[in-house]
Amino acid sequence: MKMTQNFTRRSRSSPSSSSYKYLALILFLWNGLTLFYVYFFYSGFSHHDVWVTSSSQPFLAFNENKDSMNNSAADADASDNLSHLIIVAGHSVLVSGHLHDADIDEHDWYLLDFQKGKGLPQSIVAHVTEGIRQAAMDPQSLLVFSGGETRATTGPVNEGTSYFRVADAMNLWSNNHRDSLKNSNDSSNTVRARTTTEEFATDSFQNLLFSMCRFHEVTGHYPTKITVVSFSFKQHRFEQMHAAALRYPSSNFHYIGIDFPNDVDTRMTGFNLEEATRGEFNNAAKPFENDPYGCFTDVLKEKRKRRNPFHRTAPYPLSCPDMGDLLGWCGPELISENLVPW
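About the thresholds
- Position labels on residues start from 1 in each chain and follow its written sequence.
- It should be noted that, the model being predicted, local features are given only for residues of pLDDT at least 70 and side-chain atom pairs only at 80 or more, the latter also being counted only at that level, while totals for whole chains, interfaces and linings use all residues.
- Only hydrogens and water are set aside when side-chain values are computed; all heavy atoms of the structure are taken into account.
- Each residue carries a pLDDT score, the predictor's own confidence in it, on a scale running from 0 to 100.
- Whether two residues touch is decided by their heavy atoms; if any such pair falls within 4.5 Å, the residues are in contact.
- When two rings of Phe, Tyr or Trp (its six-membered ring) have centres within 6.5 Å they constitute a pair, described as stacked for plane angles under 30 degrees, edge-to-face for angles over 60, and tilted for the intermediate range.
- Helix numbers and strand numbers start at the N terminus; a helix is a DSSP run of H or I with at least 4 residues, a strand a run of E with at least 2.
- Note on exposure labels: buried denotes an accessible area under 20% of the residue type's maximum, exposed denotes more than 50%, and partly exposed covers the range between, all computed with a 1.4 Å probe on protein chains only.
- Any pair of N or O atoms that falls within 3.5 Å is considered a polar contact. Within protein, one atom must be able to donate a hydrogen and the other to accept it, and sequence-neighbouring residues count only if both atoms are side-chain atoms.
- A pair of sulfur atoms, both from cysteines and within 2.5 Å, is called a disulfide here.
- Note on pairing: two strands pair once DSSP finds at least 2 bridges between them.
- Axis definition: a line fit to C-alpha positions, over the contact stretch in the case of helices; interaxial angles, taken between N-to-C directions, run 0 to 180 degrees.
- Whenever Lys or Arg places a side-chain nitrogen within 4 Å of a carboxyl oxygen from Asp or Glu, that contact is recorded as a salt bridge.
- Take the buried residues of types Ala, Val, Leu, Ile, Met, Phe, Trp, Tyr and Cys, join any two whose side-chain atoms come within 4.5 Å, and each joined set is a nonpolar core.

### Quick word on the confidence of the model for the chain
- Mean pLDDT over the chain: 82, with 72% of residues reaching 70 or higher.
- Within the model, pLDDT remains below 50 along residues 184–188, and this stretch shows 6 contacts once partners closer than five positions in the same chain are excluded.

Structure representation (C-alpha cells):
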C-alpha cells in the first residue's frame with residue numbers, strides 16, 4: 001500500500017514593509033553619497049589636468065586684439081623689446097601627470113637617492129614661482145626654464161618642459177602675475193606669453209650658456225641683463241665661475257638663491273644647508289675650477305655624457321653662429337672678451 005505523505009510548507013518569515021523601506025532608504029543614501037564623492041573627487045582635480053585653456057596666453061602673443069596678420073608683426077616687435085633673460089635652472093624631470101601637488105609629492109619627480117627626503121619638490125616649485133614673479137615685474141624679460149633630457153629611466157622627458165608643465169598645472173602664472181603687476185607699468189603683458197624652454201642643458205654651465213643662445217633665438221639679440229634662479233648654495237658657481245667663464249659683465253648678472261618658500265620650516269624638510277654646501281663645493285664647484293667650460297676633465301665630461309642618455313645634439317652653433325667660438329671653447333684658459341658677442 002502506497003502511503004502518501006503530505007508536507008506542509010512553512011513560509012519563511014519576511015521583513016515587514018517598513019523594514020524594506022528603511023533598507024531602501026539606506027541604500028539610496030549610500031549610493032548617493034558614493035556618487036557625490038566620486039564626482040567631486042575627480043572634478044576637483046580635473047582643472048589641474050587641463051593645462052591650456054581658452055584664456056591661456058600663447059607664446060609672445062602680447063596683443064590678442066589685433067588680427068592674425070598683424071599678430072606676427074606684433075610678436076616680432078614684442079620680442080625685439082626684450083632685454084632681460086631670467087633663467088630657472090632645472091633639477092629634475094616629471095614622472096607623473098597628477099601635478100596638483102607637485103610642490104610636496106616626491107612621486108611626481110624623478111629623484112636620485114641623495115635627493116629624496118629633503119623637500120626637493122618644494123624647492124623646485126619655489127624656483128618656478130620666483131622666476132614667474134621676477135618676469136611679472138619686468139615686461140621686457142624673457143623667462144627660460146632650462147634643462148635637458150637628463151635621466152635615462154624616465155624616457156625622453158626634459159627638465160625645462162617639466163617646469164613649464166608644473167606652472168600650467170598649478171596655475172602659477174596668474175597667482176604670481178596678479179601680485180607682481182602692481183609694480184609693472186605694462187598691465188597688458190602676461191608672463192606665460194614671455195616664457196619658453198631650453199631643452200639641451202646637462203649641467204649648470206650649460207644652463208647659462210644655452211639659455212643665452214635661446215634668448216637670441218627668440219629675440220634676435222643677446223640679453224643686457226641676466227637673472228638666474230636656483231639654490232642659494234650654487235650662487236658662487238654661477239656668479240664667480242660660469243658668468244666669468246662666459247665673460248658676461250658682472251654688473252649685469254644677478255642671482256637669486258632660494259632653497260624653500262618663505263613659509264616652510266626647513267627643519268621639517270630634511271634639508272641640511274651645510275651638508276648641501278659641502279657637497280656643492282666638492283662635487284660641483286671644485287671640478288669647474290680647473291675646467292671652467294666643463295669639457296676636458298674626466299669627471300665633467302662623464303657627467304655630461306651620463307646626463308645625455310638619448311644622445312641629443314644642441315642646435316646652438318647653427319642658431320647662434322656669433323657664439324661659435326664660445327660654444328666650442330674648451331680652455332683651460334678663459335676665452336678672450338673679443339670672441340664673445342656681448
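Structure shown, so let's carry the discussion forward.
### Section: the packing of aromatic side chains
- For the structure shown, the criterion picks out 12 aromatic pairs.
- Ring plane angle 70 degrees and centroid distance 5.5 Å describe the contact between Tyr-222 and Trp-342, whose orientation is recorded as edge-to-face. With Tyr-222 in the loop between helix H6 (204–219) and strand S4 (225–230) and Trp-342 in the segment after helix H11 (324–328), this pair connects stretches of sequence that are 120 residues apart.
- Residue classification places Tyr-222 among the buried positions, given a relative accessible area of 10%.
- With centroids separated by 5.7 Å and ring planes inclined at 35 degrees, the aromatic side chains of Phe-238 and Tyr-255 adopt a geometry described as tilted. Of the two residues, Phe-238 sits in helix H7 (residues 235–245) while Tyr-255 sits in strand S5 (residues 253–257), which places them 17 residues apart along the sequence. The burial state of Phe-238 is the same as that of Tyr-255; both residues are buried.
- Taken together, the aromatic side chains of Trp-109, Phe-145, Tyr-163, Phe-164 and Trp-173 make up a single cluster linked through ring pairs.

### Examining the side chain of His-91
- For His-91, the position within the fold is in the loop between strand S1 (84–89) and helix H3 (120–137).
- At 3.1 Å, the side chain of His-91 and the backbone oxygen of Ala-89 are in polar contact.
- Side-chain polar atoms of His-91 contact the side chain of Lys-234, separated by 2.9 Å.
- With residues near it in sequence (within four places) discarded, His-91 still touches Gln-115, His-127, Glu-159, Tyr-163, Ser-230, Phe-231 and Lys-234.

### As for the state of the cysteines
- Scanning the entire structure with this criterion turns up 2 disulfides.
- Disulfide partner of Cys-213: Cys-320, at an S-S distance of 1.9 Å. With the S-S bond torsion at 105 degrees, the cross-link from Cys-213 to Cys-320 turns out right-handed. You can see Cys-213 sitting in helix H6 and its partner Cys-320 sitting in the loop between helix H10 (316–319) and H11, a full 107 residues away along the chain. The pair Cys-213 / Cys-320 is uniform in exposure class, with both members buried.
- Here Cys-295 engages in a disulfide with Cys-330; their sulfurs sit 2.0 Å apart. On the S-S bond that ties Cys-295 to Cys-330, the torsion sits near 130 degrees, and the link is right-handed. Here Cys-330 lies in the segment after H11 and Cys-295 lies in the loop between helix H8 (273–290) and helix H9 (298–306), a separation of 35 residues in the sequence.
- Taking relative accessible area as the criterion, Cys-295 reaches 21% and is therefore assigned partly exposed.

### Topic: the sheet that holds S4
- A sheet is described by the order of its strands in space; here 5 strands give the open sequence S3-S2-S1-S4-S5, paired in parallel fashion. Sheet topology places strand S3 (195–198) and S5 at the edges, where each strand pairs with a single neighbour. Averaged over all adjacent pairs, the angle separating strand axes in this sheet is 25 degrees, with direction ignored.
- Strand direction decides the pairing type here: strand S2 (residues 141–146) and S3, joined by 4 bridges, are parallel. Residue pairing for S3: Leu-143 is matched across the bridge by Thr-195.
- Running over the sheet, H6 touches S1, S2, S3, S4 and S5 and is turned about 135 degrees from S1.

### Notes on the pattern of salt bridges
- A full pass over the atoms with the stated rule returns 7 salt bridges.
- Arg-214 is the partner of Glu-217 in a salt bridge, and the nearest nitrogen-oxygen pair spans 3.0 Å. Taken as a pair, Glu-217 and Arg-214 lie in helix H6 at a separation of 3 residues, close to a single helical turn.
- Exposure remark for Glu-217: the relative accessible area of 31% places this residue in the partly exposed category.
- Of the charged contacts in the structure, one is a salt bridge between Arg-247 and Glu-337, with a shortest N-O distance of 3.8 Å. Separated by 90 residues along the polypeptide, Arg-247 in the loop between H7 and S5 and Glu-337 in the segment after H11 bring together distant segments of the chain.
- Among the residues examined, Arg-247 registers a relative accessible area of 29% and is labelled partly exposed.

### A short note on the nonpolar core
- Among the nonpolar cores identified, the biggest contains 38 residues, and Leu-208, Ile-226, Val-228, Phe-253 and Leu-326 are the most heavily contacted of them.
- Going through the elements one at a time, S1, S2, H6, S4, H7, S5 and H8 are the ones with two or more residues in this core.
- The greatest single-element share of this core, amounting to 8 residues, is contributed by H6.
- Apart from the residues lying within four places of it in its own chain, the contact partners of Leu-208 are Ile-87, Ile-226, Val-228, His-242, Ala-243, Leu-246 and Phe-253.
- By size, the runner-up hydrophobic cluster in this structure holds 31 residues, among which are Leu-94, Leu-99, Ala-126 and Ile-256.

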